[in-house]
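This is what each chain is made of:
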Amino acid sequence: MKRLLFLLLAALCCNNVASVSLNTGWYARRANEVLVDGNTLTVKPFDLTGWMKAKVPGTVLTTLLENNVFPAPEFSMNNMLIPDIYHVGRDYYTYWFVNQFTFGENLEAGRKAYLNFRGINYKADIFLNGKRLNSNTHEGMFLRESYDITTYLKTINQLAVIVYPPDYVGNPNGGQGGDGVIARNVTMQFTPGWDWIQPVRDRNTGIWDEVTITTSGAVRLQHPYVVTRVPGARSPEGAQKDAFVNTSAELENTTSSPLTGQLVCETNGKRYSKPVTLAPKEKKIVQLDEITVRQPRLWWPNGIGKPELYDMTLSFETGGKESDRTSLRYGIREITSNKSEVNGGRVFYVNGQKIYITGGNYIASDWLLRLSPERYRAEVRFHAEMNVRMIRVWGGALLERPDFYDACDEFGILVFQDLWGSGDCNGAWVDPMKADSRERRWEYPDNHSLFIESAEDQIKMIRNHPSLCLWCGGNEWPLATDIYEKLKTDVMPRLDPNRLFISYSTDTAFTSNTIGGVGDGPYGIQEPEWFFTFKSTPFNPEAGSVGSPEVESMRAMMTEDELKELPRAGSRRASPTWMYHKDLGYGNHLERYGEVRTIEDYCRYAQAVNYDQYRSFMEGRAAKMWDWYTGILIWKTQNPWTSLRGQMYDWFLDVNASLYGTRKGCEPLHPYYNLATKTVEIVNTALGIHDVTVRAQLFKTDGSIAWSDDMSLKINANEVKQLFPVPVPESVEGVYFLKLSLFKDNKMLTDNIYWLSTVANDFHGLTALPRTKPEITHQYSCKDGVCYVTVGLKADKNISFFNRIKVFDKATGKRILPVHYSDNYITLMPGDDKTANVEFATSLSPSQIQIVIESWTADPYNLDLQ
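We now turn to the structure provided with this report. (Residues numbered from 1 in each chain as written. Predicted model: local features only at pLDDT ≥ 70, side-chain atom pairs only at ≥ 80, totals over all residues. Heavy atoms only, no water.)

## Some points on the overall build of the protein
Secondary structure assignment for the protein yields 16 helices and 44 strands. For a compact globule of 866 residues, the expected C-alpha radius of gyration is about 29 Å, and the protein comes in at 28 Å, within 12% of that figure. Oriented by its inertia axes, the alpha-carbon framework of the protein measures out at about 90 × 65 × 60 Å. The proportion of buried residues among the 866 residues of the protein is 61%. In the protein, the share of contacts with a sequence separation of at least 24, taken over all contacts with a separation of at least 6, comes to 72%. Surface exposure of the protein reaches about 31600 Å², of which carbon and sulfur atoms provide 48%. (Helix = DSSP H or I, 4+ residues; strand = E, 2+ residues; numbered from the N terminus. Rg over C-alpha atoms; globule rule 2.2 N^0.38 Å. Buried < 20%, exposed > 50% of the residue type's maximum accessible area, 1.4 Å probe, protein only. Contact = heavy atoms within 4.5 Å. Areas by Shrake-Rupley, 256 points an atom, 1.4 Å probe, with all protein chains shown as cover.)

What follows is the structure in structure tokens.
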């Protein structure tokens, strides 16, 4: 490893490589066990006796977990076995992190080296080769640091960082954010616990993001900024009028002499430049001339068009040499918005086209900040597969890492970005669980200048992403008045003037509070027809429901004995472990399907409820598109730990039926059954105009057709149409099915199958459907560690209900995760023939992989890839 690092750093010194990672080779030890200061610690090679291998990027707790000091806190009630910082004190989680690295013997003449930290929580002092690098103690979770280490470097270098937890760790007393004082820091607020998560015991103290070394010449190039203009209303297809790209960058002359050179931009196969003169030590922003792009490939949101991306490289050349360079991806698009005159909700336009927004709230990828590009990409792809168009990054957590926004760019997912505030911690209401008064909490955090400095830094970090749609001060409540005013009148106009900035998530600039309270919610299970009749806020930034995971994840969360302690109908109270994992409760909805005797029963019925709940959720909102609503964001689409509520996929990255109910309900061109009016309707949330036919059929449980009707029509962009009523079938008692099919040019585009009942809330008949197994076929290919499987399902004369596909390692029986399914929980009416495309990364050979198909109407079927 040292030899590899030496070669990489040698290349960095001599060949102007942009960045080299220092994410390996770290060791850690509790600070009170290290009896020397940082200067002394780093003057000679480390004696690592008593030190443990450290996780960087990571936290103190992730390092302890990787060294088996504590058991996995996601399982059962293991988190109770880990000391909480509130009880044991900050010193318990104050740690030294050290790294010995090899650097090339000499930098190329005239070049400088910089040590960069992209995230340390919360305070830190940094030492290199006997010298303290930071003249002021680093403070703040969301502030990048960069240190000129040129004069301190040796061939073999000793780096040490002492990391201190947040000043105010908070009492994890069961409140939202505990007693709230965590918000006195500029850090993530959920770490003392919330109603969907238990406390993070070290409050995520550590070097939690990447560490790099970069080099530059005399002029340093930083903070590029790309803004695109797309005049007029555009279409995702066909020829395009010109678009325009404006680019700037911050240049810094690090020498004591004046310098001349040129800022160079290379993009779309062309090179642009601008002469620049810099005074000694001058730092300034240089704006390139506007670039005209002919026939631009535009970036569009998911379900509207392709999210096309361009590459750009910016460099500064002086004295015939390249001094510094940076690369980025950008999308050519223009986002504008206004308030609806009909309902008061915010309406967004992309490239001049009005876009109906569906989406979800995102907390964090992992509660202990074990982040990776691969995990981010899988999660964002899940959202694209839900057919949603926006992710809100919630204010009680963090501003995500660039890899997250890269994935949103790639999949066309707009981002609603909160900064660091929440109604719970920042005083939206009187709360007896909080240590301070509302008035005191209105002034959080204690260091307002640090908040602004952090916001400026993070805005610069992600502002070039085309997916970034709007900025929001905080969740449900305004930030401190002076912070908000500084952001509104200075920071945003100066650093990102073209994006919408709202004070807080339910601000009247975004929506209208028609339901009271803080203007969002509710969060529990509802009757499916309720979503069609209850008039919520016109753009609700968070409203949610249930979302228990599948049985395999339940078994990975709890012991078999704990899984037997099932919640009972009408009660949220279950076993201590279920409550510890924040069980929300299904009321009596599971018992509508049958007696819940085992965890298998519980999960089977829960998935049927999940699917129906979220399909109705999204269809009910779409039924009132533009009339009542301009958008809706689900609370939540994921969990950063093993929680039992509000999720389309779980912490293990296994999907559940909520995802596919949401996917169905958010189809851009979608026929649906209005549960309130008992009519067939169709919605088009995309831009095309379509001549289609909608067919409705009622099926008895024996597979025979009880009624059918169809209608041909033209459906315009952004339109909802009511079609025809659906009768209750005669001579049916109990369960029956409604199948809606959508055709265009005699080809079926989609279907939508409902299970209904003539007896209110009684779906017991689903467990008595005739036993039948569909005809199953498959094809597969595996290349470069990724397998692609196409599973075909064809029904006979009977109904095949809720076929679930999953993927296992045949030898161990463990799940392969994550897996991306084009469809799942598939129901087939007699004669239906459907396919599901399955994709997953694995190092296993095809002979070691097993596809399992479970159904309510057949025994599990094992499909071997060989």
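From this point, the narrative continues.
## A word on the pattern of salt bridges
The final tally for this structure, using the stated rule, is 55 salt bridges. Between E74 and R370 there is a salt bridge, and its shortest N-O distance comes to 2.7 Å. Of this pair, E74 sits in the loop between α3 (60-66) and α4 (85-88) while R370 is found in the loop between β23 (357-362) and α5 (373-385), placing the two residues 296 residues apart along the sequence. Of the residues examined, E74 reaches a relative accessible area of 5% and is grouped as buried. Residue classification places R370 among the partly exposed residues on the basis of a relative accessible area of 27%. In this structure, E317 engages R271 in a salt bridge whose closest nitrogen and oxygen atoms are separated by 3.2 Å. Placement of E317 in strand β18 (residues 310-318) and of R271 in strand β15 (residues 270-278) is noted, with a sequence separation of 46 residues between them. You can call E317 partly exposed: its relative accessible area is 22%. One network of salt bridges, with partners in common, ties together E550, E552, D654, R804, K806, R815 and E854. (Salt bridge = Lys/Arg side-chain N within 4 Å of Asp/Glu carboxyl O.)

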